[in-house]
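Working through the structure, step by step
The lines below spell out each chain.
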Amino acid sequence: MKNKGFVVLLTIVISLLCIYYLSFTFVAQNIQKEATAATTDASGNINFAEKQRYLDSIWNEPVYNLLGLDYTYQDIKETELNLGLDLQGGMHVTLEVSPVDILKGLSGNNQDPDFQSALITAKANIRGTQNNYVDEFYRVFKESAPDKSLAFIFSNTANRGRISLNSTDEEVLEIIQTEVESAIDRSFNILRTRIDRFGTSQPNIQRLQGTGRIQIELPGVDNPERVRKLLQGVAKLEFWEVHEINEISPTLQAINDLLVKEQKATLNTEDLTASTETVQEDLSLLTEDDNISDTADTTALVEGDSATSDLDSALNSQVSPLFSLIKSQYGLVYDVKDTSTINRILQREDVKSVIPANVKFLWSVKAIKSEAAGSPELLELHAIRTSRTGKAPLTGEVVTDARQDLDQRSRPAVSMQMSAAGAKTWRRLTANNIGRRIAIVLDNYVYSAPNVEGEIPNGNSSISGSFTIEEAKDLANILKAGALPAPTTIVEDVVIGPTLGKVAQEQGITSIVAGLGIVIIFMVFYYAKGGLIANVALFFNIFFIMGILAQLSASLTLPGIAGIVLTIGMSIDANVLIFERIKEELRNGSGLKAAISTGYSKAYSSIIDANVTTFITAMILYILGQGPVKGFAITLMIGIACSFFSAVFITRVIVEAFSKKGDNSKLSFANAFSRNALVGLNIDFLSKRKMAYIFSSTFIAVGVVAIFIKGLTLGVDFKGGRSYIVTFTEAAVPSELKADIVPYFDNQGTEVKTYGANNILKITTSYLIDDETDAADLKVKNALIEGITASGLTYSTSDDLGANSFAIGSSSKVSATIADDIKNSSYESALFALIAIFLYILIRFRKWQFGLGAIVALFHDTLFVLSAFAIVSLFGVTYEVDQVFVAAILTIIGYSINDTVVVFDRIRENLGIKTGSEMKKVFNESLNSTISRTLITSITTLIVVLILFIFGGAALKGFSFALLVGILIGTYSSIFIATPVVVDLNTKKEAKAVKA
């Protein structure tokens, strides 16, 4: 083998990188355990607020040293392997920004009937499609009012200077599209800030490009109602005057005196006097320069640290943290990690009593970062001047436009325009604050506090400072938060309880360990020492998957674990191909070294084709899939790449190391049982093809009839609705419970079925499916609780159930709109996978018959699995058809084509060797020579999928059942469907040629 040294080096490098990245996960888990232990009382109850404070206190502290480098807890959390919500509990929310309301706001709430009708019709038309709302609105509007221009609708005072009555439709459309995108970006930035301040670890928020949707994941949240209010609350943009330091110094002194007084019991009089003198010096420093402008370079706040020697002298136990923690002489600037300490001080009732009614403290939203290595991140605390009424002098509704611009020095700035009423108030506000600062506040965080350089009479303002272009754009979006309404609606809402997450963890780990153990035993039994080498490759494969997931900061989900379990079975396939080829060469009389070289060489093309086709389906799943399907696809793609490297290259290095001297006793690929197993078969598979066609047609026909009779059970993500996992103290009968709760759901469609155990039920209802409000969510949940409690049970809000009680462990909501989108993306996934595979096989095998034969087999496999789902439902066993089912179908497509390609590859090889031979004879020989590989791969994969079916839990029951059927039928179809179809197509082609 050439480049053996490179393979060894690459294996070592990848292994070290995996150890490096996985080490952060182990450290993070240990810190979590320490935090839990430190905040658990004698009764075993965890104080989650204290736990979060504990973790916040070490957020920027070095907690791990590796190779002489210190890593903070923040560094570790950003690098660890995350657990998905289904493995630890939490909340997944998808919000949709309404373009209808954006267009209404941009039009000044124009009541033109054609305009209003087009808004409603366009929204209905794009439901379940990926069409752009604005384009559809324009099409509908022009159909109903061809003589009206968009300028007629959108030309108003707020859009003066941008849209006039002479503007063309194209110009107005461009402005509308920009405003819609801006509104979505604005909502995204506001939500991101809110989530970052919410206090959960590892929150994830992302825009779903091409849609108006924003997806948020919050691991470990225990108050879903608070999250919903937080996410859907209206953004509150305000302009406030800012107190200068000298104006609030008496207040700061009073707070400090109050805190120091508490320390008198442990301080002597002399030290206390010194402390007071130090504080006086400290205050004088803070009040030396009252007119520091926000337009000055904000890095001066950090660079000022070098001039704080007087402040440093106050850093002793006799000075309250209010002063001892200050990091700059230019204001109340603190290290980010100290902000929780300052917040606790300001929230004390005795401290509040000494703060004047016209003072309110607010933090900056953005930390100040220094370019110096190791420097802390700093936040400024602003003293806001409030009014008697508590209302801001000016609010965001008056802002008509804001955009990123350049100032007179060509630096990024923000230009802002206000309405006539706003300009009047702004003129008075700026005139009264020349040389002072005015804070721009959103959701009680200061985004900017620019210095007023002069009175602004016309409402057109320029805000400059040390902005980057991105920061200026963000601030412009924030200023427009009150200009155009862009309400968000929760269209998908999944809450998973921590108990269910813990159970899923245990089930996933059990599946991996059990599947891995059985495969290891089987490989050693069947391939002897070669099996040991394959197991080493399997270990590297799983190790690499976990390490790469950690390196990518990806989340390991339950479907992801399913992907690993599936990879365990499928990764053996490459070694089976190689070892069967080596055994074949040894039987033909080749020496060990020659057999190894030829075996790897001949198996290589089959392995490439099999892995590429499976990778194609995984990639399509990733691109078009959503939610848990993406996690499965990522794991599967990584698994395919890792298994190829470990099975082909790592095993070859080990095999050649054992065979250096050509001594067969040191290396063997079979035992007495397996050496000649399935060898010398001469089964006429093609003669049985008509029987196979009849069997498949009959089974699929029965399945289609079953679908018409009973239908498939669609999951909530395919049909929309609300779903709840309810745990009872004792076993519950689904039919009886359904009869109890249906009247409370207004007799709307409701399904009740067991979920993994007879005391756990999954309840799905379409009640209020078209109402996506929080009030509707609460109404449905209350109806469920009322329906169950009417049967004499007690509702419990905790996981510790008492006698005759029940608890809701998790819930999910999917709107009808997003359900349609998920269904459409699923259809697209399957269609694109089939097209991509056909094209690949066409290119590789140069004959359309091979490509068409493979596609016919894949259609057959898909219909067979759907039929199996329908038929078992007739016997009372129901599995949901949902996103995870689609992942299973595409995995089956990948597995089946994997099997088929191996057979086709041997056919191609034999056709090249036996030119002129009868086609059917060559095809039969190829099927017989690959039957051992086909059966062994199917057996190993079936073993791990069966383990997944038994131990994987209710969440993966339908997934693993589909795979069980799919693997069996995929093996069958590659022999009795795909290959015979190619023969029949070639026979017809030859017959036509003879006739011609």
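Please refer to the structure placed before this passage.
Here's a quick rundown of the structure. For every chain, the first residue of its written sequence is number 1, and the numbers climb from 1 along that sequence. Only residues with pLDDT of 70 or above have their local features reported here, since the model is predicted, and side-chain atom pairs are shown and tallied only from 80 upward, although totals for entire chains, interfaces and linings are computed over all residues. Excluded from the side-chain calculations are hydrogens and water; all other atoms, namely the structure's heavy atoms, are used.

**Here we look at the side chain of Thr11**
Take Thr11: it is sitting in helix α1 (residues 4–38). The term polar contact refers here to a pair of N or O atoms within 3.5 Å; inside protein, the definition further demands a hydrogen-donor-capable atom paired with an acceptor-capable atom, and it admits residues adjacent in sequence only when both atoms are side-chain atoms. A distance of 2.8 Å separates a polar atom in the side chain of Thr11 from the backbone oxygen of Val7. Numbering of helices and strands starts at the N terminus; helices are DSSP runs of H or I of at least 4 residues and strands are runs of E of at least 2.

**A closer look at the pattern of salt bridges**
Salt bridges are defined by distance alone: a side-chain nitrogen of Lys or Arg within 4 Å of a carboxyl oxygen of Asp or Glu. Tallied over the full model, the rule gives 22 salt bridges. Among the salt bridges present, the one from Arg906 reaches Glu584, with a minimum N-O distance of 3.5 Å. Placement of the pair is Arg906 in helix α30 (residues 883–913) and Glu584 in helix α21 (residues 558–587), with a sequence separation of 322 residues. Accessibility assignment for this pair places Arg906 and Glu584 in one class, buried. Across the salt bridge formed by Arg652 and Glu656, the nearest N and O atoms sit 3.0 Å from each other. Of this pair, Arg652 and Glu656 both sit in helix α23 (residues 628–658), four residues apart, which is roughly one turn of that helix. Judged by its relative accessible area of 18%, Arg652 falls in the buried class. Only protein chains enter the accessibility calculation, which uses a 1.4 Å probe; a residue whose area is less than 20% of its type maximum is buried, one above 50% is exposed, and one in between is partly exposed. Judged by relative accessible area, which is 15%, Glu656 ranks as buried.

**Regarding the environment of Ile521**
Take Ile521: it is sitting in helix α20 (residues 498–551). Exposure remark for Ile521: the relative accessible area of 60% places this residue in the exposed category. Residues Ile521 and Gly531, spaced 10 residues apart in sequence, show a C-alpha to C-alpha distance of 8.7 Å.

**Let's talk about the state of the cysteines**
In this description, a disulfide is simply a cysteine sulfur pair whose atoms lie within 2.5 Å. Applying the stated rule across the entire model yields zero disulfides. With no disulfide of its own, Cys18 has Cys642 as its nearest cysteine by sulfur position, at a separation of 7.4 Å. Under the relative-accessibility criterion, Cys642 is labelled buried at 5%.

**As for the pairing of strand β14 (residues 438–442)**
With five of its five residues buried, β14 lies for the most part within the structure. Side chains Ile438, Ile440 and Leu442 project from β14 onto one buried face, and the interleaved Ala439 and Val441 project onto a second face that is buried too. The pairing criterion is simple: DSSP has to find at least two bridges between the two strands. Pairing geometry for strand β7 (residues 237–242) and β14, over five bridges, is antiparallel. What sits directly across from Trp240, in β14, is Ala439. As judged from the three bridges shared by β14 and strand β15 (residues 445–448), these two strands associate in the antiparallel manner. Bridge pairing in β15 links Val441 to Val446.

**Quick notes on the pairing of strand β22 (residues 760–765)**
Counting buried residues in β22 gives six out of six residues, a clear majority hidden from the surface. Where burial is concerned, the two faces of β22 agree: the one with Ile760, Lys762 and Thr764 and the one with Leu761, Ile763 and Thr765 are both buried. Note that strand β20 (residues 721–728) and β22 share six bridges and pair antiparallel. Looking at β22, one finds that Tyr724 is bridged to Ile763. Bridge analysis of strand β21 (residues 750–754) against β22 gives five bridges, and the strand direction is antiparallel. Bridge pairing in β22 places Glu751 opposite Thr764.

**As for the side chain of Thr651**
With respect to the secondary-structure elements, Thr651 resides in helix α23. Under the relative-accessibility criterion, Thr651 is labelled buried at 0%. Sequence-distant contacts of Thr651, that is, excluding residues within four places in its chain, are made with Ile533, Ala537, Asn575, Tyr600 and Ser646. For this analysis, residues touch if any pair of their heavy atoms sits within 4.5 Å.

**What to know about unusual backbone geometry**
Phi at Ala528 takes a positive value of approximately 55 degrees, unusual for a residue other than glycine. With respect to the element layout, Ala528 can be found in helix α20.

**Description of the sheet that holds strand β16 (residues 461–464)**
The strand order across the open sheet formed by three strands is β12-β13-β16, and the pairing between neighbours is antiparallel. Edge positions in the sheet fall to β12 (399–406) and β16, since each of these pairs with one other strand and no more. For this sheet, the mean inter-axis angle between neighbouring strands, taken without regard to orientation, is 25 degrees. In this sheet, β16 lies alongside strand β13 (residues 412–418) in antiparallel orientation, the contact comprising four bridges. Across the sheet, Ala413 pairs through a bridge with Ser464, a residue of β16. Inter-axis angles, ranging from 0 to 180 degrees, are taken between N-to-C directions of lines fitted to C-alpha atoms, where helices are fitted over the stretch in contact.

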